[in-house]
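# Understanding the architecture of this molecule
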Amino acid sequence: MAEVKLAAQVRTDFGKGAARRARRADLVPAVIYGHGAEPKHVAIHNHALMMALKTPNVLLRLDVDGKDELVIPKAVQREAIRGFLVHVDFLAVKKGEKVTVEVPILTEGDLAPGANLLEHLLNTLPIEAEATHIPESVTVSIAGLDAGDSVQAKDITLPSGSTLAVDEDAVVLQVVAAQAEAPEPAADGDASSEG
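Residues numbered from 1 in each chain as written. Predicted model: local features only at pLDDT ≥ 70, side-chain atom pairs only at ≥ 80, totals over all residues. Heavy atoms only, no water.

### Considering the side chain of E69
Looking at where E69 falls in the secondary structure, it is placed in strand β5 (residues 67-78). Taking the relative accessible area as the measure of exposure, E69 reaches 12% and is therefore buried. Among residues more than four places away in sequence, those in contact with E69 are I32, K40, L60, R61, L62, V64 and A92. (Helix = DSSP H or I, 4+ residues; strand = E, 2+ residues; numbered from the N terminus. Buried < 20%, exposed > 50% of the residue type's maximum accessible area, 1.4 Å probe, protein only. Contact = heavy atoms within 4.5 Å.)

### So, helix α1 (residues 16-24)
Regarding α1, the residues found buried are A18, A19 and A22. Viewed end-on, α1 has its buried residues packed into an arc of 100°, placing them on one side of the element. Turned more than 90 degrees away from the buried face of α1 sit K16 and R24, all of them exposed. Next to the buried residues of α1 lie β2 (27-33). (Arc of directions from axis to C-beta.)

### Considerations on the environment of R78
With respect to the helices and strands, R78 occurs in strand β5. Classification of R78 by relative accessible area gives partly exposed; the value is 43%. Residues R78 and V88, spaced 10 residues apart in sequence, show a C-alpha to C-alpha distance of 8.8 Å. The residues touching R78, leaving out its near neighbours within four places in the chain, are G83, F84, L85 and V86.

### A closer look at the sheet that holds strand β7 (residues 98-108)
Here 4 strands make up an open sheet; going across it, the order is β10-β7-β9-β12 and the pairing mixed. Whereas interior strands pair on both sides, the edge strands pair on one side only; in this sheet they are β10 (138-141) and β12 (163-164). As paired elements, β7 and strand β9 (residues 124-130) share 7 bridges and run antiparallel to each other. Paired with P104 across the strands is T124, a residue of β9. (Pairing = 2+ DSSP bridges.)

### A look at the sheet that holds strand β11 (residues 150-152)
Sheet architecture is open: 3 strands sit in the order β8-β13-β11, paired in antiparallel fashion. Edge positions in the sheet fall to β8 (116-120) and β11, since each of these pairs with one other strand and no more. Averaged over all pairs of adjacent strands, the angle between their axes in this sheet comes to 15°, without regard to strand direction. Looking at chain direction, β11 and strand β13 (residues 171-177) are connected through 3 bridges and run antiparallel. When the bridges of β13 are listed, S150 appears paired with Q174. (Axes fitted to C-alpha atoms, helices over the stretch in contact; angles between N-to-C directions.)

### Digging into the pairing of strand β4 (residues 59-64)
Of all 6 residues that make up β4, 5 are buried, and the element is covered over most of its length. Summarising the sheet, β4 and β5 pair through 5 bridges and their orientation is antiparallel. Note that in β5 the partner of V64 across the bridge is K67. Taking the residues between adjacent antiparallel strands as the criterion, β4 and β5 are bridged by 2 residues, where D65 takes a positive phi near 50°.

### Topic: the layout of surface pockets
As a volume, the largest pocket reaches approximately 160 Å³. G34, H35, K40, E69 and A92 are, among the 13 residues lining the largest pocket, the residues nearest its centre. Partitioning the lining of the largest pocket into residue classes produces 7 nonpolar, 2 polar and 4 charged. (1 Å grid on protein atoms, 1.4 Å probe; cavity = no way out; pocket = protein on both sides within 12 Å on 5 of 7 lines; lining within 4 Å. Points joined across faces, edges and corners; volume = space filled by probe spheres on them. Nonpolar A, V, L, I, M, F, W, Y, C, P; charged D, E, K, R; others polar.)

### A few points about the side chain of N57
Mapped onto the secondary structure, N57 falls in the loop between α2 (46-52) and β4. Of the residues examined, N57 reaches a relative accessible area of 14% and is grouped as buried. A distance of 2.9 Å separates a polar atom in the side chain of N57 from the backbone oxygen of E102. (Polar contact = N/O pair within 3.5 Å; in protein donor to acceptor, adjacent residues only side chain to side chain.)

Okay, structure coming up:
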């Protein structure tokens, strides 16, 4: 997993007005929590943070007043319509520390022939992994699965050092038969009668 280094400025003013001023200056207000320490309020350049957050569960090394902080994103708030970053909560982590995160589930292969549909019951898989080795995703083979087949959490091969943080019998994916549309009944009086 890649580590991204970003510069962060300490914020000393708080509230809606201060947050709006930061956003106008192209900065995203953020807070760093964790390890029993007082929360640190920071601001990070919008574009750099947005690009870093394109990778799920990215490990960030924030340079806060010349001191490095290892963090992972915990909650990202975006503006509803345009999607720009409004606020980010970070969890401070240390090398070797285990964290629980949700990683995207990717599929590979083709279902068995027929009109079957793949239903995702979980789009992400909760796992516990070392903070510096969080996988970007997990891949599940669906090759040859037919209607009625399912994939449980325990069937997914996890990267080394990762463990499930969900019931191993939880169904992640299932294959269902496509529902055929019922033919519309013919209207009685279609044939015109002359009389």
